Amino acid sequence: MAAKQVIPPFSLILAFAFIPLLVFSAQAVPLERLNSLRVIKSVNKNGPFLGLVTVYAPEEEAFFSTGVFRPDPRHPFVDLSGRRFQIGKVAGKKVIYVKCGVGLVNAAAATQQMLDLFDIKGVIHFGISGNANSSMHIGDVTIPYQVAQTGLWDWLKPNATLEPNDFAQFDFKNYNAPKGGDNKLGRVGYSTEQFYSTSGEVNVPQRPVWFNITKNWLHVASHLQGMKLEQCANSTLCLPQKPKLVVGLKGATSNFFIDNAAYTDFLFKTFGVTSLDMESSAVVMTCLSNGYPVIVIRGVSDLAGTQEGDNTIRLFGPLAALNTAKVVIRFVKSLPGNYISKF
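What you are looking at is a predicted structure, and each value in this text was computed from that prediction instead of being measured.

Asker: Could you give an account of the overall build of the protein chain, with specific residues and numbers?
Answerer: Of the regular secondary structure elements, the protein chain holds eight helices and 16 strands. Here the protein chain, with 343 residues, has 47% of them falling under the buried criterion. Put simply, the protein chain shows about 17400 Å² of open surface, and 57% of that area lies on carbon and sulfur atoms.

Structure (structure tokens):
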């Protein structure tokens, strides 16, 4: 006698059919990320926040050493994509702080993630930098009104024609030592960025050389000039002059560390820049692309190769980072009262 065929109910068939989809969904969104997103949803109920973005450990250590950061008692931080976003308050303003990591990609990725996931009102980017301007000194702090990405280039033969989008050229033979003769390295033409933003036509990039810092934030920052900065790294290591804050210069960003006098001189003469770093333009471009206010605060840690002897970043980097942190704190304090809120 044949066995009776049992047909499972339709609901059970559907349940088994959806099991692979549920497994796939769990694999597509890791549990850790889901937990982080739940925390972020809760955090945003207390927003909006100021975004603070710095780069690497010495800058972070200097900022937290001031003792002004007060963690949120309920959600002091959330970890996401390997970065720790710290939630708290500075001078009565709610902030979310992140250490982005060195370089353009890290800076852009961390900033975009912050803007996408948190209730952010604007971004303050800070750190240390090299200096190309002889009127500035180690320990000084600069708040530029414009930044450029000077790391995009077309590498050309010595007599090749520059591309239409190239803003400037760097001819290696001009720096031959001794002078004279051709250089097989040829020359590089500095190209402009393709910039997509909420203020432009959709899917059509603009090609600016300079990216402007938010004007009203620069106005606030201009009133900080004259503030006292630290002159000594320790009891035995002091700078020969009192450091100063200067608002309204220019900055350059590229994906390489600069410790070469000839190249630094070229950047200053061609672009008129003071601060040289590896992240600022990425943070600024990301903020402007999304329509958010942004400001850059950079402390001079070294002379980008124009000094005698070794680079001074390890010697004076901590002092430059501390002076930068002091300016950041004063800037946050000086922002209008509508940035103030309570936990």
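Asker: How would you summarise empty space enclosed by the protein if you had to cite specific residues and measurements?
Answerer: In this structure the tally under the stated criterion is one cavity of 30 Å³ or more. By volume, the largest cavity is sized at about 80 Å³. For the largest cavity, the full set of lining residues is Ala148, Gln149, Thr150, Phe167, Tyr190, Ser191, Thr192, Glu193, Pro208, Val209, Phe211 and Phe271. For the lining of the largest cavity, the secondary structure elements donating two or more residues are β8 (146-149) and β11 (187-191). Counted by class, the lining of the largest cavity contains seven nonpolar, four polar and one charged residues.

Asker: Now, about the pairing of strand β14 (residues 250-253): what can you tell me, with residues and values included?
Answerer: In this sheet, β14 lies alongside β8 in parallel orientation, the contact comprising four bridges. Bridging from a neighbouring strand, glutamine 149 pairs with threonine 253 of β14. In this structure, β14 lies alongside strand β15 (residues 275-277), joined through three bridges in parallel fashion. Looking at β15, one finds that alanine 252 is bridged to leucine 276. For the segment spanning β14, helix α6 (residues 261-271) and β15, crossover handedness is right-handed.

Asker: Any details on the sheet that holds β11? Residues and values, ideally.
Answerer: Ordered in space as β9-β11-β10, the three strands form an open sheet in which the pairing is antiparallel. A strand with exactly one partner marks an edge of an open sheet, and here the two such strands are β9 (153-156) and β10 (166-171). Put simply, the sheet's adjacent strands are angled 20° from each other on average, direction ignored. Sheet contacts for α6: β10 and β11; angle to β10, the most-contacted strand, approximately 145°.

Asker: Help me get a handle on helix α7 (residues 280-290), residues and values and all.
Answerer: Burial within α7 is extensive, with eight of its 11 residues counted as buried. All buried positions along α7 are accounted for by Ser280, Ser281, Ala282, Val283, Val284, Met285, Thr286 and Cys287.

Asker: An account of the packing of aromatic side chains is needed here, citing residue identities and associated values.
Answerer: If you walk through the whole model with that rule in mind, you get 23 aromatic pairs. Ring centres 6.4 Å apart and planes at 70° place the aromatic pair tryptophan 153 and tryptophan 155 in the edge-to-face group. Taken together through their ring pairs, the aromatic side chains of Trp153, Trp155, Phe167, Phe170, Phe172, Tyr175, Tyr190, Trp210, Phe256, Tyr263, Phe266 and Phe271 make up a single cluster. For arginine 84, the ring lying beneath its charged end belongs to phenylalanine 77, and the centroid distance is 3.7 Å. If you follow lysine 250 out to its NZ or CZ, it ends over the ring of tryptophan 210, 4.3 Å from the centre.

Calculation notes
- Residues numbered from 1 in each chain as written.
- Predicted model: local features only at pLDDT ≥ 70, side-chain atom pairs only at ≥ 80, totals over all residues.
- Heavy atoms only, no water.
- Helix = DSSP H or I, 4+ residues; strand = E, 2+ residues; numbered from the N terminus.
- Buried < 20%, exposed > 50% of the residue type's maximum accessible area, 1.4 Å probe, protein only.
- Areas by Shrake-Rupley, 256 points an atom, 1.4 Å probe, with all protein chains shown as cover.
- 1 Å grid on protein atoms, 1.4 Å probe; cavity = no way out; pocket = protein on both sides within 12 Å on 5 of 7 lines; lining within 4 Å.
- Points joined across faces, edges and corners; volume = space filled by probe spheres on them.
- Nonpolar A, V, L, I, M, F, W, Y, C, P; charged D, E, K, R; others polar.
- Pairing = 2+ DSSP bridges.
- Right-handed = clockwise from strand over helix to strand, strands pointing away.
- Axes fitted to C-alpha atoms, helices over the stretch in contact; angles between N-to-C directions.
- Contact = heavy atoms within 4.5 Å.
- Phe/Tyr/Trp six-rings, centres within 6.5 Å; stacked < 30°, edge-to-face > 60°.
- Lys NZ or Arg CZ within 6 Å of the ring centre and 35° of its normal.

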